[in-house]
Amino acid sequence: MSDAKSKIRKGVLFNRRLLSKEVFLQRNEQVISHALTLIKSENISSIHCFLPIQRNHEVDTWPLIKTLVGLDKQVVVSATDFETETMSHFQYADTLVFENDRFGIPTPVSGVSAILSELDAVLIPLLAADKLGNRIGYGKGYYDRMLTEMPLDVLKVGITLGSLFDEFIFVEPHDIGLDYIITPNETVKCN
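About the criteria used
- Residues numbered from 1 in each chain as written.
- Predicted model: local features only at pLDDT ≥ 70, side-chain atom pairs only at ≥ 80, totals over all residues.
- Heavy atoms only, no water.
- Pairing = 2+ DSSP bridges.
- Helix = DSSP H or I, 4+ residues; strand = E, 2+ residues; numbered from the N terminus.
- Axes fitted to C-alpha atoms, helices over the stretch in contact; angles between N-to-C directions.
- Contact = heavy atoms within 4.5 Å.
- Core = buried A, V, L, I, M, F, W, Y, C linked by side-chain atoms within 4.5 Å.
- Buried < 20%, exposed > 50% of the residue type's maximum accessible area, 1.4 Å probe, protein only.

Just checking my understanding: could you explain the sheet that holds strand β10 (residues 180–182) for this structure?
Within a beta sheet, neighbouring strands are joined by backbone hydrogen bonds and run either parallel or antiparallel to one another. The strand order across the open sheet built from 7 strands is β3-β2-β1-β6-β9-β10-β11, with neighbouring strands paired in mixed fashion. Edge positions in the open sheet fall to β3 (86–91) and β11 (187–189), since each of these has one partner strand only. Within this sheet the neighbouring strands show an average axis-to-axis angle of 25 degrees, counted without direction. Here strand β9 (residues 155–159) runs beside β10; their pairing, made up of 3 bridges, is parallel. Its bridge partner lying in β10, Gly158 is registered against Ile181. Of the strands in this sheet, β1 (46–48), β9, β10 and β11 are in contact with helix α2 (residues 21–41), which crosses β10 at around 150 degrees. Set on the sheet, helix α3 (residues 62–70) makes contact with β1, β2 (74–81) and β6 (121–125); between it and β2 the angle comes to about 140 degrees.

Help me out: how do you make sense of unusual backbone geometry in this one?
The phi dihedral of Asn43 is positive, around 55 degrees, even though this residue is not glycine. Along the chain, Asn43 turns up in the loop between α2 and β1. Of note in this structure, Asp72 is not a glycine but carries a positive phi near 65 degrees. When you line up the elements, Asp72 lands in the loop between α3 and β2.

Please explain the nonpolar core as it appears in this structure.
Considering soluble globular proteins, one finds that nonpolar side chains tend to be buried as a cluster. Within the largest apolar cluster, 49 residues are counted, with the highest numbers of intra-cluster contacts made by Ile47, Leu64, Val75, Leu123, Met150, Val157 and Ile159. For this core, the elements supplying multiple residues, two or more each, are α2, α3, β2, β6, α4 (142–148), β9 and β10. Of all the elements, α2 adds the most residues to this core, at 7 residues. Leu123 has contacts with Ile47, His48, Cys49, Phe50, Leu64, Tyr143, Val157 and Ile159, leaving out every residue within four places of it along the chain. Within the second largest apolar cluster, 8 residues are counted, among which are Ile8, Val12, Leu127 and Phe168.

Any chance you could explain the pairing of β9 here in plain terms?
Counting buried positions along β9 gives 5 out of 5 residues, so the element sits mostly inside the fold. Judged by which residues are buried, β9 turns out to be covered on both faces: Leu155, Val157 and Ile159 on one side and Lys156 and Gly158 on the other are all buried. Where β6 and β9 come together, 5 bridges link them in parallel fashion. Directly across from Leu123, in β9, lies its bridge partner Val157.

See the structure below:
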């Protein structure tokens, strides 16, 4: 991992945790609105959605999930096994039971398994991203591994409460770029 990535991770997390509740809610609402607009314009019917780590002030995806279910979209959520560094994927339903794992991530306890190859899109949590679609997450590679299990044409959409960097110079060969990035202020189509 590059020193620059590490510094960006720490800086973004620090700044995000400083957001007032009002600013967080406003930015979150804007991101959710942009996400819904993109999902409708791209005619997405099935989507993988991450569940937020509240202590890290990640985008709160719960309102988006509820809206998508109300629009008859198929939503898939995941449970992470930190020992094996794998993820299990489940179809979201109102009856799905969740428990917070040791990192505060809501985790499905059980449910109907989902098939990743059937999804149109995946929402990816971002700590940071550049305008070219390169992303920085927490550095464990869960989404890189998950994306390799999905069709190449699955729409990869990163969402963040922050602004975009111009360009990262430390992109690695295994990094998978984004098709779109949603921020509170804009939706950027990446190359």
